[in-house]
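# Coordinate analysis (summary)
Residues per chain, in single letters:
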Protein chains: 2
Amino acid sequence: MNYTAFLEETSICKEAFYKHALTEDCKTVRIKKEKTIIKNLEKIFEATFRICAEKGFQGMTMRDLSTESGLSMGGLYSYFSTKEELSITLQRAGNTFVGKWLEEQSKDIEDPEERLKKVIRTHLYLSELMQPWFYFAYMEAKNLNRKERETAKQAELYTEKIIFDILVEGEKRGQFKTRNHNLTSAVLKAALQDWYLKRWKYQKRDTSVDQYADFVIELFNAYYFN
Amino acid sequence: MNYTAFLEETSICKEAFYKHALTEDCKTVRIKKEKTIIKNLEKIFEATFRICAEKGFQGMTMRDLSTESGLSMGGLYSYFSTKEELSITLQRAGNTFVGKWLEEQSKDIEDPEERLKKVIRTHLYLSELMQPWFYFAYMEAKNLNRKERETAKQAELYTEKIIFDILVEGEKRGQFKTRNHNLTSAVLKAALQDWYLKRWKYQKRDTSVDQYADFVIELFNAYYFN
DNA sequence: GTCTATACACAGATAGAC
DNA sequence: GTCTATCTGTGTATAGAC
């Protein structure tokens, strides 16, 4: 599998994400027609990502968002009752969406080695496709209220747990070496995150997501085999 | 070397950092007596780190900072002429301080393998000692203006370059395998950063900085030797 | 050198026209 | 369903007393 294949084989598209966001998390929308909502949610989300990448969520004003999204101030507030709610919705929608996908993609692969590869690739490809959201979620998580921050941490641990379980299973079967699986999954996760956090760096060096995936797999293989 | 040994052997202490900040970067302080400045800079910096860890720099108000630092609003503004300047000073002071230290600690080690170990340990120990600053610098860099953001990126690349050069030298001497040194130094850097970015996770698992350092060294050794 | 009190701009949020 | 106009609280920054 490579990134191009991933794009073709998966039905993930932006619309699915907004639909998901709507049904799972946007309970307070005051608009009736679904088509209208999806269209405007897309405008709002994309604008938020663009602005926040530049000056952060706290630094973004509702006027900024109004200008960038093309909706009026009043219009914005028919989709969210407060600015904070917008942030929470974005976090939740992405977390549940990504979690669901990672699980679905890897659940039917039995062999730990193959499964680990699949998870690494899927995570990287997903973050490539939805980079603005991944970046936003990572950077703005600490500014949430206590409860939502806790949820975000759980989402972080959830991905790590998927990797951890594969390593444990691989060791049990005698395929992987005995290592500190806790630390390995933590550092592997960090490597996966670096891909969407330092995009400027990898772009400047013309590193493709497939090159990066191959490298990460090779690095951890060297540690877990031979 | 371990963390305890590092603490004893280095003369790094908080006062040195504030002195450094003052002489290198705080050009606009309106106060005369150095002793007073150091004392108050410490209060201001520490308070900033505490508040920003909770709600980010943009989310911190000058009233928050006044309360937390114990200085009055007017008092604060005799150390910085704007809020933005406080952020810039913090970024710069740390970046130059850390860069200077990393270089000084590793420059007299000839052997690439030993040198790499030294750099890994020094970076981790330094980030352990000054975690609040490292966290702040990473998280708030994107909210700087264009020029300062560029400087911050250069600081990130600088550390990576130190690692990169060691890998290249090691390969040249036939001690290390031929690998993609660019990607390796990038991922190694990401592993070093994870230590101060996810402190909550490692603390919960009772992972010590020495354990983490040993692990990182082992992981990359497995890739570069055998 | 540090404080209190205050200016004044701008933020988030809403009411009500269309 | 979306807009414009506006309210009100809070933010940064400063002037001037001590």
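Residues numbered from 1 in each chain as written. Chains lettered and ligands numbered in written order. Predicted model: local features only at pLDDT ≥ 70, side-chain atom pairs only at ≥ 80, totals over all residues. Heavy atoms only, no water.

### Observations regarding the overall build of chain A
Within chain A, the regular secondary structure consists of 12 helices and zero strands. Counting from the amino terminus, helix and strand elements in chain A follow one another as α-α-α-α-α-α-α-α-α-α-α-α. The C-alpha radius of gyration of chain A comes to 19 Å, within 12% of the 17 Å expected for a compact globule of 226 residues. C-alpha extents for chain A along the principal axes are approximately 60 × 35 × 35 Å. Out of the 226 residues in chain A, the part that is buried amounts to 55%. For chain A, contacts bridging at least 24 residues in sequence account for 70% of all contacts bridging at least 6. With an accessible surface of roughly 10,200 Å², chain A has 50% of that area assigned to carbon and sulfur atoms. Separation between the mean location of the 36 positive side-chain charges and that of the 34 negative ones in chain A comes to 6 Å. (Helix = DSSP H or I, 4+ residues; strand = E, 2+ residues; numbered from the N terminus. Rg over C-alpha atoms; globule rule 2.2 N^0.38 Å. Buried < 20%, exposed > 50% of the residue type's maximum accessible area, 1.4 Å probe, protein only. Contact = heavy atoms within 4.5 Å. Areas by Shrake-Rupley, 256 points an atom, 1.4 Å probe, with all protein chains shown as cover. Lys, Arg positive; Asp, Glu negative; His and termini not counted. Charge placed at Lys NZ, Arg CZ, Asp CG, Glu CD.)

### Structural notes on the relation of the copies chain A and chain B
With an axial shift of 0.0 Å and an RMSD of 0.0 Å, the rotation relating chain A to chain B amounts to 180°. Taken together, the turn and the small shift mark the pair as related by a two-fold rotation axis. Of all interface residues in chain A, 100% are interface residues in chain B too; the two copies therefore contact each other through one and the same surface. (Least-squares fit on C-alpha atoms with pLDDT ≥ 70 in both.)

### Focus on the nonpolar core
Among the nonpolar cores identified, the biggest contains 144 residues, and Phe45(A) and Phe45(B) are the most heavily contacted of them. Residue contacts for Phe45(B): discarding those within four places in its chain leaves Phe17(B), Tyr18(B), Ala21(B), Phe80(B), Leu86(B), Thr89(B) and Leu90(B). (Core = buried A, V, L, I, M, F, W, Y, C linked by side-chain atoms within 4.5 Å.)

### Looking at the protein's contact with DNA strand D
Neighbouring DNA strand D are 20 residues; Lys32(A), Lys33(A), Met62(B), Arg63(B) and Tyr77(B) lie closest to it. Backbone atoms, meaning sugar plus phosphate, form 61% of the atoms of DNA strand D positioned within 4 Å of the protein. Here a phosphate oxygen of DNA strand D and a backbone polar atom of Met60(B) are 3.5 Å apart. Secondary-structure elements contributing two or more residues to the surface near DNA strand D are helix H3 (34-59) and helix H5 (73-76) of chain A together with helix H4 (62-69) of chain B. Here the residues of the surface near DNA strand D sort into seven nonpolar, nine polar and four charged. (Near = heavy atom within 4 Å. Polar contact = N/O pair within 3.5 Å; in protein donor to acceptor, adjacent residues only side chain to side chain. Nonpolar A, V, L, I, M, F, W, Y, C, P; charged D, E, K, R; others polar.)

### As for the pattern of salt bridges
Overall, the coordinates contain 45 salt bridges over all chains when judged by the stated rule. Note that Glu148(B) and Lys147(B) form a salt bridge whose closest N and O atoms lie 3.6 Å from each other. By relative accessible area, which is 58% here, Lys147(B) ends up exposed. Measuring nitrogen to oxygen at the nearest pair gives 2.9 Å for the salt bridge that ties Asp194(B) to Lys198(B). Of the two residues, Asp194(B) and Lys198(B), neither departs from the other in class, the shared state being buried. Three or more residues joined by partner-sharing salt bridges are found here, namely Glu156(A), Glu160(A), Lys189(A), Asp194(B), Lys198(B), Lys201(B) and Arg205(B). (Salt bridge = Lys/Arg side-chain N within 4 Å of Asp/Glu carboxyl O.)

### Considerations on the protein's contact with DNA strand C
Residues in close proximity to DNA strand C total 21 residues, the closest being Met62(A), Tyr77(A), Lys83(A), Lys32(B) and Lys33(B). When the atoms of DNA strand C within 4 Å of the protein are sorted by group, sugar and phosphate make up 64%. Lys33(B) is positioned such that a nitrogen or oxygen atom in its backbone is 2.8 Å from a phosphate oxygen of DNA strand C. Between DNA strand C and the protein, one listed contact pairs a phosphate oxygen with a side-chain N or O atom of Asn40(B) at 3.4 Å. Elements with a minimum of two residues in the surface near DNA strand C: helix H4 (62-69) and H5 of chain A together with helix H3 (34-59) and helix H5 (73-76) of chain B.

### Observations regarding unusual backbone geometry
Residue and element names in this part refer to chain A. Backbone geometry at Asp206 places phi at a positive 55°, although glycine is not the residue there. With respect to the element layout, Asp206 can be found in the loop between helix H11 (199-204) and helix H12 (209-224). The exposed category is assigned to Asp206, whose relative accessible area is 66%.

### Concerning the interface of chain A and chain B
Across the boundary between the two partners, chain A contributes 47 residues, which contact 47 residues of chain B. Regarding the contact of chain A and chain B, the summed buried area is about 3,900 Å², with carbon and sulfur atoms giving 61% of it. Taken together, the connections running from chain A to chain B amount to 14 salt bridges. Across the pair Glu160(A) and Arg205(B) runs a salt bridge whose closest N-O atoms are separated by 2.8 Å. Counting every contact that joins chain A to chain B gives 19 residue pairs in polar contact (both at pLDDT 80 or more). For the side of chain A that touches chain B, the secondary-structure elements that each account for two or more residues are H3, helix H8 (131-140), helix H9 (146-172), helix H10 (181-197), H11 and H12 of chain A. Sorting elements by how many residues they give to the side of chain A that touches chain B places H10(A) first, with 10 residues. (Buried area = accessible area lost by both parts, 1.4 Å probe.)

### Here's the deal with the packing of H10(A) against helix H12 (residues 209-224) of chain B
Where H10(A) meets H12(B), the axes come as close as 11 Å, and the angle between the chain directions of the two elements is 70°. The pairing of H10(A) with H12(B) is recorded here as roughly perpendicular in orientation. For the pair H10(A) and H12(B), the contacting residues are Leu183(A), Thr184(A) and Val187(A) in the first and Gln211(B), Tyr212(B), Phe215(B) and Leu219(B) in the second. Here the contact of H10(A) with H12(B) is composed, by residue class, of five nonpolar, two polar and no charged. (Axes fitted to C-alpha atoms, helices over the stretch in contact; angles between N-to-C directions. Parallel < 35°, antiparallel > 145°, perpendicular 65-115°, else oblique.)

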